[in-house]
Every structure is written in C-alpha cells, then in structure tokens.
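Chain by chain, the residues run as shown.
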Amino acid sequence: KMCGAFLCRLNQEQFDNALAPALGLKLRANPESVFETAEAIFSGLVELNQTSNIDITGHLNGDTKLLPSALRQLKSAKTEMRSFASSVLVSLALLSPNISKGAPLETVALALSESLLGR
C-alpha cells in the first residue's frame, strides 16, 4: 500500500504526538476530504500491528475523538462514507487492546449502538 513504508517506521510517540491529533482534527473539520486516507492509515496499522504495536486506545474519546468522528459518518447520506466509517470502526477496535471498561470490540460496539440510538 502507499502508506506502508511510512507506517512501518511509525512508533507510538509519533502516532500520539503527530498523526493521531492531525487525523482527529481533520476528521472533525472536513471528514469527506480525509476519510479515505484515514481508512487506509488505520487499515494499514491493523495489518502492521503485529510488528508495530501501535495502541490507539487513548485517542478513541480523548482530545482526538477518533471514535465519535467515525460514528458520525455512519449517518452520512453517502454510501462510500458509511463504508469507510464501518472499516475505520473495525480498525479502531482492533488497535485498542487496552480499553479498561471492556474488550475493544465491546467498547466500539457499545459506542455504535449508543450513536444509532441518538445518545
């Protein structure tokens, strides 16, 4: 993939201090312009995560708000945006092994159900 070489060299500190804040900001400000790229980055991280061990748990609901940004796009009128959002949500769950309230998939599923219920 195009971002594979970059992602192979990405460490946790770089993700925490540069990539996650930038993605969070862009996903909130103008999601349609960046969602495809964000989806590729998160999918790439999932593929590489056995060697890179990037943990995005702290970015789900913190300042970067990755989880709410992805959930919002599930309500998009555009099928492509909903598809990207569902892929990102799966990646977020797989890249979040240290969620304290429950298993990563459980946490994302709970946020998804609350979003769909309008909470």
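The rules behind the values
Residues numbered from 1 in each chain as written. Predicted model: local features only at pLDDT ≥ 70, side-chain atom pairs only at ≥ 80, totals over all residues. Heavy atoms only, no water. Helix = DSSP H or I, 4+ residues; strand = E, 2+ residues; numbered from the N terminus. Buried < 20%, exposed > 50% of the residue type's maximum accessible area, 1.4 Å probe, protein only. Contact = heavy atoms within 4.5 Å. Areas by Shrake-Rupley, 256 points an atom, 1.4 Å probe, with all protein chains shown as cover. Salt bridge = Lys/Arg side-chain N within 4 Å of Asp/Glu carboxyl O. Polar contact = N/O pair within 3.5 Å; in protein donor to acceptor, adjacent residues only side chain to side chain. Axes fitted to C-alpha atoms, helices over the stretch in contact; angles between N-to-C directions. Parallel < 35°, antiparallel > 145°, perpendicular 65-115°, else oblique. Left-handed = near helix turned anticlockwise from the far one by under 90°. Expected span 1.5 Å × (residues − 1). Bend = angle between axes of the 7 residues up to and from the residue. Core = buried A, V, L, I, M, F, W, Y, C linked by side-chain atoms within 4.5 Å.

1. A word on the overall build of the protein chain
Helix and strand counts for the protein chain stand at six helices and zero strands. Ordered by position from N to C terminus, the α and β elements of the protein chain give α-α-α-α-α-α. Classification of the 119 residues of the protein chain by burial places 46% in the buried group. Contacts in the protein chain between residues far apart in sequence, at least 24 positions, make up 68% of those at least 6 positions apart. As presented, the protein chain carries roughly 6,700 Å² of accessible surface, and 55% of it is formed by carbon and sulfur atoms.

2. Remarks on the pattern of salt bridges
This structure, assessed with the given rule, holds one salt bridge. One salt bridge connects E32 with K78, and the closest N-O pair in it is separated by 2.7 Å. Linking E32 in helix α3 (residues 31–52) with K78 in the loop between α4 (66–73) and α5 (79–94), this pair joins segments that are 46 residues apart in sequence. On the basis of relative accessibility, which here comes to 44%, the residue K78 falls in the partly exposed class.

3. With respect to the side chain of T57
Its location among the elements puts T57 in the loop between α3 and α4. When its relative accessible area of 17% is taken as the criterion, T57 is described as buried. Within polar-contact distance, the side chain of T57 engages the side chain of D55 at 2.5 Å.

4. As for the packing of α4 against α5
Helices that pack against each other are described as a pair by the angle of their axes relative to one another and the distance between those axes. Contact geometry for α4 and α5: axes closest at 8 Å, N-to-C directions at 150°. Here α5 runs roughly antiparallel to α4, going by the angle between their axes. Relative to α5, α4 is oriented so that their crossing is left-handed. Along the contact surface, α4 presents L66, L67, A70, L71 and Q73, while α5 presents M81, R82, A85, V88, L89 and L92.

5. Re the side chain of S69
Within the secondary structure, S69 is located in helix α4. Since its relative accessible area comes to 1%, S69 is described here as buried. A polar atom in the side chain of S69 sits 2.8 Å from the backbone oxygen of K65. Residue contacts for S69: discarding those within four places in its chain leaves G24, L27, R28, F35 and T64.

6. Digging into helix α2 (residues 12–29)
Turn by turn, an α-helix covers 3.6 residues, leaving residues three or four places apart pointing in a common direction. Between the first and last C-alpha of α2 there are 24 Å, a value that for 18 residues agrees with the 26 Å anticipated at 1.5 Å per step. Maximal helix bending in α2 amounts to about 35°, located at L19; proline P21 follows within four positions. Of all the residues in α2, the buried ones are F15, L19, A20, L23, G24 and L27. Where α2 begins, the side chain of N11 points an oxygen toward the backbone nitrogen of E13, at a separation of 3.1 Å.

7. Focus on the nonpolar core
F15, F35, F42, L45 and L92 are the most contacted members of the largest nonpolar core, which has 30 residues in total. Looking at this core, the elements with two or more residues in it are α2, α3, α4 and α5. The element that contributes the greatest number of residues to this core is α3, accounting for seven residues. Not counting chain neighbours up to four residues away, the residues in contact with F15 comprise L10, A20, P21, F42, L45, I54, I56 and H59.

The values reported here are purely geometric and, on their own, carry no functional implication.
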